[in-house]
Amino acid sequence: MEDSLRKALSEQQAAVDAQGGAVRELKASGAPKDAIDAAVQELNALKLEKASIEKQLQAALTNGNDNALSRDAFRQALVNTLERRLFYIPSFKIYRGVAGLYDYGPPGCAVKSNVLAFWRQHFVLEENMLEVDCPCVTPEIVLKASGHVDKFTDLMVKDEKTGTCYRADHLLKDFCKEKLEKDLTISGEKAAELKHILAVLDDLSAEELGGKIKEYGITAPDTKNPLSAPYPFNLMFQTSIGPSGLSPGYMRPETAQGIFVNFKDLYYYNGNKLPFAAAQIGQAFRNEISPRQGLLRVREFTLAEIEHFVDPDDKSHPKFSEVANLEFLMFPRGEQVSGQSAKRTVLGEAVSKGIVNNETLGYFIGRVYLFLTGLGIDKERLRFRQHLANEMAHYAADCWDAEIECSYGWIECVGIADRSAYDLRAHTDKSGVPLVAHEKFAEPREVEKLIIAPVKKELGLAFKGNQKMIVEALEAMSEKEAMEMKATLESTGEVGFHVCTLGKDVTITKKMLSISKEKKKEHQRVFTPSVIEPSFGIGRIIYCLYEHSFYTRPSKAGDEQLNVFRFPPLVAPIKCTVFPLVQNQQYEAVAKSIAKSLTAAGISYKIDITGTSIGKRYARTDELGVPLAITVDSTSSVTIRERDSKDQIRVSVEEVASVVKEVTDGQSTWADVLWRYPTHSSASVDE
């Protein structure tokens, strides 16, 4: 609709301009008044029609802008509540803070702790994973092998006068979005061009980004000064290990490398058996150029990562049937390329049709879905998006992102990738230690082995600094690709070869490479395992959970809106509160007795013996997302109030801790206990 309205507006503007020219010509030539009046009348009619189209286009754009405004207002109310109630706050606030660094306060720490406890239970315990804890400081050689030293970059531009730095793609993205949302005068063709740029933004080279910034006249947002050409900036924090400064290191940008370098020991610990998974929760560090979007883009954050090592020839999973019938929003690359939207898909069908590459990858996609929805993420605002071909590394077999919709749009919170054998091979090559697995045969087997032997000297002479990437790409070829290349080299002497990491084709000649097959008798198969890697951005998941859990409702008097977090008991920072109805020594003694029984049952609680009205005390704890409130209004029994429905039941003092534990541990729902106990209603205790 927007495109057709822009086209109509452009055509109408042309008609207005033409008619305006006709009126001027009539006046200049001294035409009769009747003819001029008729022409002016026609011009006015055209202008009215143009104004009508402008109004329709404005309405179409404003609909999106109104949504954006309501999203902004919602986000502001949420962030104000989160900061006021100390879920999180900017770090070093008394010194005016540092962009991209945040402190978690008491309720934020409790939510994070509960999310991580559920993650451990859902993945580490359920899948019998091997948990490790590796240092944050990583020697340069490790990250050189993994590719981070050379390739872990974003493109940056600088304000040429002040030196302020900006991410180049963010500036271009903001410009395109603002033009599309606010500029009625751009043509349909221009709008299509801007939309195309937004779609391919991640693929633009430094030269292409710089060209667009120059073409559109984009300047520094704060000063309007000219910008430098984009150049790569490595996102790792560099340090040196030891006082000499001779051993360079970095703060790790991910936790995965610690698992890869320990593969040999973990494989031995696991009885030299595959498949197995290792897991790690820890801090990671990325020196973001211009952090924004609160907890979604920060410089220090918590990652929870799993590396599932599997035989590359057998990626089936024994427990796949447990998740095969799950149905949720999936967004395969075919739908993305053809401009369609995500559709509800049965996971088993996606795997059987080859949309998801293999069962193990599919199994983890299903487990991630169950984890996120178990935390309280809205399943209608959760989708699994497949990486486009140009987003994936050349070695990856398949990659999916769990994206959660929030006020900032769709946010990648979990990446689930089949990384093939790239990481273990890279560390094997750099360290000289074989990170391999063994499959022993009952009887010796005669096998035909593919031997790809790049001649590094010839490749170095031809391609100089790009030699390493070309060697990696050649060695990563499948048997089919290698044999086709061999046939072409033998017939023509050279072959074109696309190197994904360089983003271009190179010419390989016969003397640069030998490809052969050899027959050997083997007693065992030695191979480099493939890795399926689910990687969780814990801070992003928690922020999206805050958005999905937050709502407001009117107070009893109707004169204010009260904030509520509808956290599931599983992640709620405090499981219940204990309130004596009035300040009374007997009630306070009962409250303290209940508190003691809650502590013995391992239930977190908050006791409030202030004289504030019970309604205000309920409102205060609803704002922290506390699911249950115990009100002591007699010495023998108490009321338990549920946060969202505000329903209350009456329970004896002796039973209260067991009822609370039953609900907060998930053994029973509130609906289950509601019919077992007498309900209680009192107008005085409602907000």
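Up top you'll find the structure we're talking about.
Small disclaimer: the values here were computed from a predicted structure and weren't measured.

Engineer: Just to check I follow, could you spell out the overall build of the protein for this structure?
Structural biologist: Each helix and strand in the protein was counted, giving 22 helices and 28 strands. Once the C-alpha set of the protein is aligned to its principal axes, its extents read approximately 105 × 95 × 55 Å. Across the 687 residues that make up the protein, the buried fraction comes to 47%. In the protein, 68% of the contacts between residues at least 6 apart in sequence involve partners at least 24 apart. For the protein, the accessible surface area stands at approximately 33800 Å², while carbon and sulfur atoms represent 52% of it.

Engineer: Please clarify how the environment of F301 should be interpreted in this entry.
Structural biologist: Mapping F301 onto the fold places it in strand β11 (residues 300-310). C-alpha of F301 to C-alpha of R344: the two residues are 43 residues apart in sequence and 32 Å apart in space. Setting aside residues no more than four positions away along its own chain, F301 makes contact with P253, G282, Q283, A284, F285 and R286.

Engineer: How should helix α21 (residues 656-664) be read in this particular structure?
Structural biologist: Quick reminder: α-helices carry 3.6 residues per turn. Residues three or four places apart thus point the same way. For α21, the tally of buried residues reaches 7 of 9 residues, placing the bulk of the element in the interior. Here α21 has its buried residues at V656, A657, V659, V660, E662, V663 and T664. Contacts made by the buried residues of α21 are with β24 (576-580), α19 (585-600), β26 (628-632), β27 (637-642), β28 (648-652) and α22 (670-674).

Engineer: I keep staring at the nonpolar core and nothing clicks. Help me out?
Structural biologist: Core analysis: the biggest nonpolar cluster contains 68 residues, and W119, F371, L372, F384, F536 and Y546 have the highest contact counts within it. The biggest single contributor to this core is helix α13 (residues 359-375), with 9 residues. Excluding its chain neighbours within four sequence positions, the residues that come into contact with F371 are V115, F118, W119, H122, F123, F536 and I541. In this structure, Y587, I603, I649 and V663 belong to the second largest nonpolar core, which totals 24 residues.

Engineer: Before we go on, may I ask you to explain the layout of surface pockets in this structure?
Structural biologist: If you roll a probe as big as a water molecule over the atoms, it shows you where there is empty space left. Roughly 1900 Å³ of volume is contained in the second largest pocket. In terms of lining, the second largest pocket is formed by 49 residues, of which the most central are A421, R425, E475, A476 and M477. Secondary-structure elements contributing two or more residues to the lining of the second largest pocket are α4 (140-146), α14 (422-431), β17 (437-454), α16 (467-475), α17 (479-492), β18 (494-499) and β20 (513-527). Here the lining of the second largest pocket is built from residues that sort into 23 nonpolar, 9 polar and 17 charged.

Engineer: Would you take a moment to explain the packing of aromatic side chains for this structure?
Structural biologist: Both the distance between ring centres and the angle between the ring planes are used here to describe each pair of aromatic rings. Enumeration according to the criterion identifies 26 aromatic pairs in this entry. Here the aromatic rings of F118 and F371 are separated by 5.4 Å at their centres, their planes lie at 15°, and the arrangement is stacked. One end of the pair, F118, is in helix α3 (residues 106-125); the other, F371, is in helix α13, with 253 residues separating them in the sequence. By relative accessible area, F371 is classed as buried at 0%. With a centroid separation of 5.7 Å and an interplanar angle of 80°, the aromatic rings of W119 and F536 are classed as edge-to-face. Of the two residues, W119 sits in helix α3 while F536 sits in strand β21 (residues 530-537), which places them 417 residues apart along the sequence. The two residues W119 and F536 agree in class, both being buried. Grouped by ring-pair contacts, the aromatic residues F74, F87, Y546, F550, F565 and F567 constitute a single cluster. The side chain of R75 reaches across the aromatic face of Y408, ending 3.8 Å from its centre.

Quick notes on the rules
- Residues numbered from 1 in each chain as written.
- Predicted model: local features only at pLDDT ≥ 70, side-chain atom pairs only at ≥ 80, totals over all residues.
- Heavy atoms only, no water.
- Helix = DSSP H or I, 4+ residues; strand = E, 2+ residues; numbered from the N terminus.
- Buried < 20%, exposed > 50% of the residue type's maximum accessible area, 1.4 Å probe, protein only.
- Contact = heavy atoms within 4.5 Å.
- Areas by Shrake-Rupley, 256 points an atom, 1.4 Å probe, with all protein chains shown as cover.
- Core = buried A, V, L, I, M, F, W, Y, C linked by side-chain atoms within 4.5 Å.
- 1 Å grid on protein atoms, 1.4 Å probe; cavity = no way out; pocket = protein on both sides within 12 Å on 5 of 7 lines; lining within 4 Å.
- Points joined across faces, edges and corners; volume = space filled by probe spheres on them.
- Nonpolar A, V, L, I, M, F, W, Y, C, P; charged D, E, K, R; others polar.
- Phe/Tyr/Trp six-rings, centres within 6.5 Å; stacked < 30°, edge-to-face > 60°.
- Lys NZ or Arg CZ within 6 Å of the ring centre and 35° of its normal.

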